[in-house]
Each structure stands twice: as structure tokens, then as C-alpha cells.
There are 4 protein chains.
Amino acid sequence: MSPFRVVGVIGKRREPNLDLLRDLCDGLRRLGCEVLIEANGAFGRDAPAPTVARDELARRCELVIVVGGDGTLLDAGRDLAPAQVPLLGVNQGRLGFMTDVAPESMHEHLAAIVHGQYESEDRLLLSASVERNGRRDGATRLAVNDVVIRNQATIRMIEFETWLDHEFISNHRADGVIVASPTGSTAYALSGGGPLLHPSLSAIALVPICPHTLSDRPIVVDGQRPIRIVIRGVDRAQAMVTFDGQTSETLEPGDVVEVRRAEKALRLIHPPGYSYFRILRDKLRWGSGPAAQERV
Amino acid sequence: MSPFRVVGVIGKRREPNLDLLRDLCDGLRRLGCEVLIEANGAFGRDAPAPTVARDELARRCELVIVVGGDGTLLDAGRDLAPAQVPLLGVNQGRLGFMTDVAPESMHEHLAAIVHGQYESEDRLLLSASVERNGRRDGATRLAVNDVVIRNQATIRMIEFETWLDHEFISNHRADGVIVASPTGSTAYALSGGGPLLHPSLSAIALVPICPHTLSDRPIVVDGQRPIRIVIRGVDRAQAMVTFDGQTSETLEPGDVVEVRRAEKALRLIHPPGYSYFRILRDKLRWGSGPAAQERV
Amino acid sequence: MSPFRVVGVIGKRREPNLDLLRDLCDGLRRLGCEVLIEANGAFGRDAPAPTVARDELARRCELVIVVGGDGTLLDAGRDLAPAQVPLLGVNQGRLGFMTDVAPESMHEHLAAIVHGQYESEDRLLLSASVERNGRRDGATRLAVNDVVIRNQATIRMIEFETWLDHEFISNHRADGVIVASPTGSTAYALSGGGPLLHPSLSAIALVPICPHTLSDRPIVVDGQRPIRIVIRGVDRAQAMVTFDGQTSETLEPGDVVEVRRAEKALRLIHPPGYSYFRILRDKLRWGSGPAAQERV
Amino acid sequence: MSPFRVVGVIGKRREPNLDLLRDLCDGLRRLGCEVLIEANGAFGRDAPAPTVARDELARRCELVIVVGGDGTLLDAGRDLAPAQVPLLGVNQGRLGFMTDVAPESMHEHLAAIVHGQYESEDRLLLSASVERNGRRDGATRLAVNDVVIRNQATIRMIEFETWLDHEFISNHRADGVIVASPTGSTAYALSGGGPLLHPSLSAIALVPICPHTLSDRPIVVDGQRPIRIVIRGVDRAQAMVTFDGQTSETLEPGDVVEVRRAEKALRLIHPPGYSYFRILRDKLRWGSGPAAQERV
């Protein structure tokens, strides 16, 4: 793998761990990297490296290291994936599903990684747009995990149609639906009863949330074809669409949310020996519980 | 069973079926009953029987017939159960779980029922109160189906503790929790993955909605002991509590929602030969699908 | 609570922990108890207390301490509950759902318990019988956890009817059905998608195993009424009935398995301060995982 | 699409519908096709077309029409897919997931289909082998729906490891595991809680059956990489492997079952206008129930 020379750093927006960020920047410089860091009010006069805006990080860096939790990485991922900058996640708390480098082993791993010893993994990214009154409003929104359509002010069900390209799937009455990438299959979709999707799959899961019809089950479709969700009558229940659980917009009856695989993937960098299933085993406590009573 | 002489009628608040109501009132009078009907703007000058307010219906009637859907009956049930007036549900559309008399067979069943031939079934009713800053605000709310605590403006998880009387159950992070009576076990709780509870059980189900912890499973507890849900940090997600999906209030961190079995039950009247499971078989299409592919 | 003077001990049938059993018997004698132990070939000439058969333990003891896992306690429970002897479980491995005393704290707890300081909890026990060709074969089988009806030699579905007393519930096509007590709701039934039932409930859960009809959901019924399962055509799939996962019998088409609440409960003794939910929190790892990715 | 000139017919092995088969063969001949039919004892002296063995059908036919249920088609699919003969399913009872032509509309559809107007769909086929004592026994087994590993004589859990090629997934304790193709995702896997997989996906689902660990959830992996299931201790519970629910073999501890995408797919022929989701909507009764109580 190619080595990295210009490395960016992104900390948590709120309460970044300044000691850890400083330690990381110092280590990268000792390894011969040029280091840039995203500007953050918490730095005061004393930033651990030259500060730049996120879009400049995207333009100039060959690798960006995100220090925080999975949420910090989701947020950075949506912004940096279009520029094709690979991301490495360092967790400042408990290991995450994606921020899989612990601070204790950070320096050891960095030495290998900046010299080209690492594993690279492309994660399918979702691209969504909203069409109202037959016109697509301009912006395309990206999501690393999921695009969620749900009722908001009440628990009344919303009604919507699902389509796979021009093929009608079904009508639904439910609290909503989670459209999840493989990466998002370990997030909200898992809580909603969806399956785990291996990241190498080019597939998207549709997971209904508390559906009225008991046979309205999660369905996995090919990532190549666009998914359309048409909002029908929502009675007194207003619907909203949320991207990675982080940004939301209100929907109206007739709105069409189209979700498709984004052209560009999110590239994650992992230390050598990375195993997706080891993270799952750890996070989901496979093997060690939680377990039903023994059947003896 | 004792016959009914003074019979009240409640129609749907919006778009009542005037012909059906008139037909019902006429039929009851022919059977020798005194008939009162809840006032409704849709009647104009021409109500099918003397109109009174709901509280007067509660005081004067020996039986109240609700014409509408399950939602109409839930609403009437919360108001009339405290007065111990039994309810009979006539469905004006497709048969409901509780409005189990069809208009076609209405007259035949009424003749039997008002003369004392019927089955009577008591349904556990939930009584809830909200405590803020250590003080219980005055009112007690009733629910026939469920008391639901859920996030509202966003899909961020809310955090809450559950207690069975003074015994701590667990901490939860989830979209919310459904506290369901046996009657409510066929409603929202069923969509959320909860079990069916036979109406003769004095039990209450706690069904977490999209819980973060995968082993956070539905739990059924004795209806005799109060359940307490303590709202903890909700971050930017505001929590709300909803009664029977019909009335809501906003909650704040620290609020305690206490749910217990109401002192009085809701008495439902059914035609002779009523079978709870027959309704389930019909509504859930047991036997005839929806079914997976045959295993041959 | 009343103190215990004559105390019985039951170890695991295979590979009992002799040191632990000796230590337990010595401790009980120091506390002034008369100690009897179930005979076990592993003792050789050197049993830690006078050995007797299990039925004599049942007749003579005021308390029986079971040393092993939950399976050892299930087995002892079925045999001793009819004699109304309370049981205390000491786990020789990891803490169980019912064997909730650890060897390390055994002596401390025993001192309190034999002097009358303990909590006593009655667990509903299942009583089952099988009727063939209209005749009930003699024996009644007990189960602490569950009575399971399942296909055996193949994965073809079996067909059966369920009845609550004389009320028909439904026809089913499935791998089988788990009829679980509240105690068994944390065992096989939990793996099959059933709810947790608090032990104070007089209720029984019917949990279909891999049902063909997707709306065939777990149902909880009152423990007072007998449940009947009628085996219908099983094609080439032979059905069997299993009690607590430990003893099995083959079933034939037309056989009727009747399950009801046993007259006598299983009395469990716990150290003071026992909390059912604390055990659940520990075993199911509530609070600490296994958790989906954070929704940030 | 290319027209079909030599058409084979396969009926149900037991109780074939002779009238329907005769009608079908006559119709095909009127359309100018040469017709061959699989030999069947039920024909007596009077077969509706020249009878041949199944392997000759595979060699000589350009299309084979299977008359029966989904099970008949599964059985024919395993035998004919290696020869790359496309199959068309005519249901002799209720419409199936795959036998999607009704007898009533058979002739109308056949006219179009044999002249080249049809839709063709390739379904991923599973190829499995069993390795014992480090040696693969000779035969490769095919499965259209699923390869299922399950306990047989008892309900004791079996233990097994899952691997994705050389990557370890996890240890499991469960009744078993269903390895399902997208076609099989509507069969046993659906009853076991698995997701629906669209047939265009090159993916395989692993669905644990009643797993001991509650976080042991269905996982979908890429069809390109072999899945290995290593049988570990099975205590007194014997494990077996079953192909499409139709043929079984007993497994021993240490056995390795390897499942991979077969080189050749099963080609299904559908009448013009075929919609996968329409079949799902019909079979799973999406839209019309079975539904929970209305949330009003």
C-alpha cells in the first residue's frame, strides 16, 4: 500500500481530548509526516498543528485521522468521502465499530500505517435526495450508516410506498423505515431487527420500524438500483428524514426520498490484521453472553 | 346476566355513520330500551335520540354501544370505565379487535344482549401519573391499550430506568418503551415485538422500542405492582408520553412516569359465543397465511 | 423465616466437585445442622456425609442444597418439589439463573440462611400428561422450565392444534412449540423469541419454534387453565415431547399433550437481598452491551 | 428471448395431476413443440408424452416445465441446473413462490413463452460439501433454498464455528443454522427470523436457529466466498445437515460443511410482466394484514 505523507487530524467538535490530539500530532511529525488539524475553538491559541478548515483538509491530505467516537467518524466521513480521502479512526473512549484504534496502541499502529502497512476497506456510502412536487430540490445528502424516515411529533403511523427503481415493493404503515448501508447494519437497523450485512456486500437493507403488518420484514436489495420511498398520508403525524441520525428534514405527503449507492465509497484504513468479525464479536459479546439459561 | 334498559350510544367524533346510528337507536327502542346518544355536531337538528354529554351518558346508562373503530372504543373506554358502564363495540368498517359486532348482525345480537344474553369480559385498564421535581401533578390518566414513552423530534435514543415498585429492573437506551395492558398487547406492542397477553391475565408488558442493547427484551410483570419509568438524560431528544396513542405530554429529564393497574376495569360486552382467539385468528390470519415458502 | 436443621446436599451426577461438597457439608455441621448427601458413585468409600437416595432426602430434609449448574437444579427440582422441600442452588462454575450462590460467599450466606435469614420464592411448576387413543397414560411429568414439542429426525414441520382448556387457539405448522413457565422464560423460550415472564406471575408462555405463519407469535396465558396441544399429521417428521430439555418421549399423530400449573410450586431459597432483576442484568449483560453502534 | 422447441415436463412424484399433465402436453404439441415427460409409475400404459428419465430430459430439453408445488421445483432444480436447462413452474394447487403460473392461465402464457416472450431470472444455487477427518467425501450437493445444520434426536444445543473463507466469524451454540440463498430467504430462513434477500443479490444469509446468545443475529455475506461450518462438541445431540429440507446426512464432531455459490445458476422462466415483489405481496399478505390493532 502507498505510504502517507500529509496527514490531517479531526477531533471531536465538543470536548476534544487535547492531550491525545497533541500526542498524535507529535507522533505523526516524528514519523516524517506533515500534519494539519481541523480548527476547533477548544484549541485557544495553542493548536497542536496548523489549523485549517475541513474542506482544505479534504483537498490537501492523503489520510485523515479522526479522533473521537463512531459519530465523529460518520460526520467526517460524509464530508471527506467525496474527496476520496481515506480515514483512520482513533477512539477516545471505548473502541467503536469504526474507530478501531485504541489510544494505547496508536503510535505503534501509526508507524506501520504511514509507511504503507495497513488494510484498506471501501464502505458503501448512501446518497439521498428529496423530490417535492415533482422537482428534486438541489442538494444530495450523503449517509455512511442510514437514511431514516420516521414519524416525529407523535407515535401515529406514517404511510409510505417503497419502490426498487421502477418496481413497486409494497405499501407500509409503520413508525418509519431505516434504509441502511452495510456499515449502518450494525447501528439503528440492528436495533430495529435488521440483519448484519458484511461490508463487502454492495447491498442496502430496508428495515421497517414497528410495522403494522406483522409480515413486513427487513429486505435486502442490490445497491445498484435506486430505492424510492413515497410519503403518503401522514394524518396528524409529521414525517421526517434523518441522515446518520445527525441531520434531519421534515417531509410532506407526496415527497419522494430516493436513496442510492453513492458513486464514491468511504475508504477506511485499518492496522494490519484487522478483522471485521473480531470487532463484531467484541461489540456484540458473541461467545461470552448475553445468554439464555443453559439447556442442560 | 342482567338485562339492559337504558342504553347509550356513542358514534365517531368525525364522520359518524348517521344511517347506522339511526338504525341502531330505532332497533334499541323497538326492544324497549330508553336510548340516549352522545351529542355530535354532525347530527344537525335531527339527532337519532335525545343527545347528552358523555359524562351524563356515564351516569345514566346501563350499557353504552360504541359505533366506530377500535380507536373510538379506546377513547370511550377511558372516559366510561371509571363509571363502570359496560361497553359494546359495533364496527362501522372492518371488524376490530374490540369492536366485534358487525352492522349486519347488529340487530340479531342486540335482541339477545339487552335481554341479558351476552358474555361479559373485564379488561385491565392502566392508570398513569407523571411526577416532576418530586411532585406528582394532579391528574391520573387512564389507558386501555398502552402508555408509551418515546423520543419525538429526533431519532436519538432516550435514556430511562425501569422499576417494578421499589425493585430496579434496568437502565435502557432506546427509542422508547411501550407499557401495554393485555388489551394493548395486540396493538403497538405487537408491532414492537411484544408477546400476546391473554385478556384474563392481570399482567403488564414492557416492550422496549428499538433498544440499543440487543438483549433488552420484552418483559411481562404482575399487574399488581406499579411500574416506574424514570427519564434520564435525553440529550437533544425530547421525550414524550402518549396514552392509547391519542393524547401526549412532553417529558423532561428526571420525570417519573408511574403506571399501575387501574382500580376499575373496562367491562366489554360480547354476543354469546364470543371467542377471543377467533378474533385473533381472523385479524392475524393465523392458518391461512402470511406464510413462508413451504418446506417440502 | 423458619431455620433449617436437617439439610440435604445434592451434587452433580457426573464429575461432582468433591472438595466443594466436603467444604459445604463441614460448614453445615459447624452451623449445627444434620447433613445428608445424595449417594454418588464418585464418592468411593469416603462420602462427605451419610449418603441416602433422593427420595429419602425428600422425606427427611428441611432444605436441600444443590451444587452444580442450573441443569442440576432443574433435575432436583422436578424430584423434590412434590415433597415441598425448598432448594438452594450453589453454582460450581459461573453463576446461574437459579444457582445464585457463589462458592466464595457460600459459608457467609449459609450461616444466615440456616438461622432463618433468607428470601423464599415460589416458582410455578408445570405438570404435563400425554393422552393417546383417548387414554391418558399413567404418569404425570413435571417440568421446572418447559415442556417442548418438536420435530426430531428431520426439519420438516409438524402440525398441531393449541387449546386453552376448551377454547381453540389455533392450528400451527412449525418446528414445534415451547410451553414455558416464568422460570423457563429465560431458557429455551428466550432463544425462540419469547418474552421474559416475572416469576411472580401465574402465567405460561407458548412460544412457536420457527413457525410457518409469520404472525404466529408468542402468547402468554393464565396458568390456571390447562393448555392442550394436539399433534396432527406429522408426515415423515416424528414429533417428540421433552421435559426441561432432559427427558424425552416420542409422539404420534393424535396424541394430546396437556400442560397445566402443578399443584405444588418449587420453593427456591435465596440469600437476603436477592434480586431477580440483578441476575437478569448480569446474565443478559443489560447496560454494558451487547450493543448496536451508537446513534450519535 | 430465444424460443423453445423441445420441452420437457416433470410432474409430482406422488399423485401427479394426470389431467393437467395431459392438457399441458397437448397444448405444447399444438404450439409445435416436441414434448418429453419424466417417467412416472402413475401413468400406467398411457403416458401423455414419450417418457424418459430425468437425466435424458436434462440432455435433450431446451425448457422443462415442472407441474407441482415449490417442493417439486426445488427437487427438479437441483437435478437440472447443472445442465443449464431453464425451468418454468406450473402450480397444481395454490400459487407458490416459484411455481408462479396458475393452470387457468397456463395455455395463454405457454403460447407467449415458447415463442420467446418471457422473462428469465437466474437464481443463485448453493453448492455444499462435507469434510470428515480432513478429507472431503466425494459428492457435491446442490441446494436451491438452503443448507441447514441442526440438532436432531434432542433439543440440546449443538456447538459450531462459522467461517467466511479463512476469516473466523464466531462460535455458536444453538439448535442449528440455516445457510440460505436469496431464493431460500422466503423459506425456512424467514421462519427463523432471517431477512428477505432480493434474488438479484449474490449473497448468502446465515440464520442461527434459536441461538443461546441473544446477540447471535442473522448475517448476510457475499456469495463469492465459501462459508465453512465446523461442528464442535455435540454432547448427546447428534447434528445433521439437510439440503432443501429434502435430503439429510448425519454429522459428527469435527465435520466441516462448506457452502459456496454454485458455478451455475438455476434459470427460472416467468411469463412477461413477472414481478418478484408481487408474489411476495401476495404470499406474505402485505397490505391486507395480518395486522396489529389500529393505532388511532
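The rules behind the values
Residues numbered from 1 in each chain as written. Chains lettered and ligands numbered in written order. Predicted model: local features only at pLDDT ≥ 70, side-chain atom pairs only at ≥ 80, totals over all residues. Heavy atoms only, no water. Phe/Tyr/Trp six-rings, centres within 6.5 Å; stacked < 30°, edge-to-face > 60°. Helix = DSSP H or I, 4+ residues; strand = E, 2+ residues; numbered from the N terminus. Buried < 20%, exposed > 50% of the residue type's maximum accessible area, 1.4 Å probe, protein only. Salt bridge = Lys/Arg side-chain N within 4 Å of Asp/Glu carboxyl O. Contact = heavy atoms within 4.5 Å. Buried area = accessible area lost by both parts, 1.4 Å probe. Polar contact = N/O pair within 3.5 Å; in protein donor to acceptor, adjacent residues only side chain to side chain. Core = buried A, V, L, I, M, F, W, Y, C linked by side-chain atoms within 4.5 Å. Least-squares fit on C-alpha atoms with pLDDT ≥ 70 in both. Pairing = 2+ DSSP bridges. pLDDT = per-residue confidence, 0-100. Axes fitted to C-alpha atoms, helices over the stretch in contact; angles between N-to-C directions. Left-handed = near helix turned anticlockwise from the far one by under 90°. Nonpolar A, V, L, I, M, F, W, Y, C, P; charged D, E, K, R; others polar.

A. Looking closely at the packing of aromatic side chains. By the definition in use, this model includes 12 aromatic pairs over all chains. Measuring from ring centre to ring centre gives 4.9 Å for C:Phe4 and C:Tyr118, while their planes differ by 25°; the resulting arrangement is stacked. Of the two residues, C:Phe4 is situated in the segment before β1 (6–10) and C:Tyr118 in the loop between α4 (106–114) and β6 (119–123); the sequence distance between them amounts to 114 residues. As far as the burial class goes, C:Phe4 and C:Tyr118 line up, both buried. Their ring planes at 55° and their centres at 5.1 Å tell us that D:Trp163 and D:Phe168 sit as a pair that is tilted.

B. View of the pattern of salt bridges. Scanning the entire structure with this criterion turns up 92 salt bridges over all chains. One continuous salt-bridge network, built from bridges that share partners, spans A:Arg13, A:Glu38, A:Arg54, A:Asp75, A:Arg78, A:Asp79 and A:Asp244.

C. Layout of the interface of chain A and chain D. Residue-level contacts link 51 residues of chain A with 51 residues of chain D. Note on chain A versus chain D: buried area summed over both sides is about 4,200 Å², and carbon and sulfur give 53% of it. Inspection of the chain A/chain D interface yields zero salt bridges. Remark: the boundary between chain A and chain D carries 20 residue pairs in polar contact (both at pLDDT 80 or more).

D. Just the nonpolar core, in detail. A:Ile178, B:Ile178, C:Ile178 and D:Ile178 are the most contacted members of the largest nonpolar core, which has 60 residues in total. If we ignore the near neighbours within four places in the chain, the residues touching B:Ile178 are B:Asp146, B:Val147, B:Val148, B:Tyr188, B:Ala189, B:Ala205, B:Leu206, B:Val207 and B:Ile209.

E. The relation of the copies chain A and chain D, seen in detail. Laying chain A over chain D is done by rotating through 180° and shifting 0.0 Å along the axis; what remains is an RMSD of 0.0 Å. Both chain copies can therefore be described as sitting about a two-fold axis. The C-alpha atom lying nearest the rotation axis in chain A is that of A:Pro195; the distance is 3.2 Å.

F. Layout of the relation of the copies chain D and chain C. Structural alignment of chain D on chain C gives an RMSD of 0.0 Å, achieved by rotating through 180° and translating 0.0 Å along the axis. A share of 100% of the interface residues of chain D reappears at the interface of chain C, consistent with the copies meeting face to face through the same patch.

G. Just the pairing of strand β20 (residues 256–261) of chain D, in detail. Note that strand β7 (residues 126–132) of chain D and β20(D) share six bridges and pair antiparallel. Bridge assignment links D:Glu131 to a residue of β20(D), and that residue is D:Val256.

H. Representation of the environment of C:Gln84 within the structure. All names here are of chain C. Here Gln84 shows up in the loop between α3 (70–80) and β5 (87–91). What makes Gln84 partly exposed here is its relative accessible area of 47%. Along the primary structure Gln84 and Lys264 are separated by 180 residues, whereas in three dimensions their C-alpha atoms are 7.3 Å apart.

I. Representation of the sheet that holds strand β13 (residues 176–180) of chain B in the model. Read across the open sheet, the seven strands follow the order β19(B)-β18(B)-β10(B)-β13(B)-β15(B)-β16(B)-β14(C); overall the sheet is mixed. In this open sheet, the two edge strands, each paired with only one partner strand, are β19 (247–251) of chain B together with β14 (196–197) of chain C. In this structure, strand β16 (residues 219–222) of chain B lies alongside β14(C), joined through two bridges in parallel fashion. Bridge assignment links B:Ile219 to a residue of β14(C), and that residue is C:Leu196.

J. Layout of the interface of chain D and chain C. With 27 residues of chain D in contact, the opposing surface of chain C contributes 27 residues. When the two sides are added together, the surface that chain D and chain C hide from each other amounts to roughly 2,100 Å², 59% of it contributed by carbon and sulfur. In this assembly, chain D and chain C are joined by two salt bridges. Here D:Arg150 ties to C:Asp175 by a salt bridge, and the two come within 3.6 Å at their closest N and O atoms. Between the two partners, chain D and chain C, sit eight residue pairs in polar contact (both at pLDDT 80 or more).

K. The confidence of the model for chain A, seen in detail. Chain-level statistics for chain A give a pLDDT mean of 93 and a share of 97% at 70 or above. Scored as a complex, the prediction yields pTM 0.96 and ipTM 0.95.

L. Region of interest: the packing of helix α1 (residues 18–30) of chain C against α4(C). Residue and element names in this part refer to chain C. Axis separation between α1 and α4 bottoms out at 10 Å; the angle between their running directions is 35°. Viewed along their axes, α1 and α4 form a crossing whose handedness is right-handed. Taking contact as the criterion, the partners of Leu20, Asp23, Leu24, Gly27, Leu28 and Arg30 in α1 are, on α4, Met106, His107, Leu110 and Val114. Residue classes in the contact of α1 with α4 are distributed as six nonpolar, two polar and two charged.

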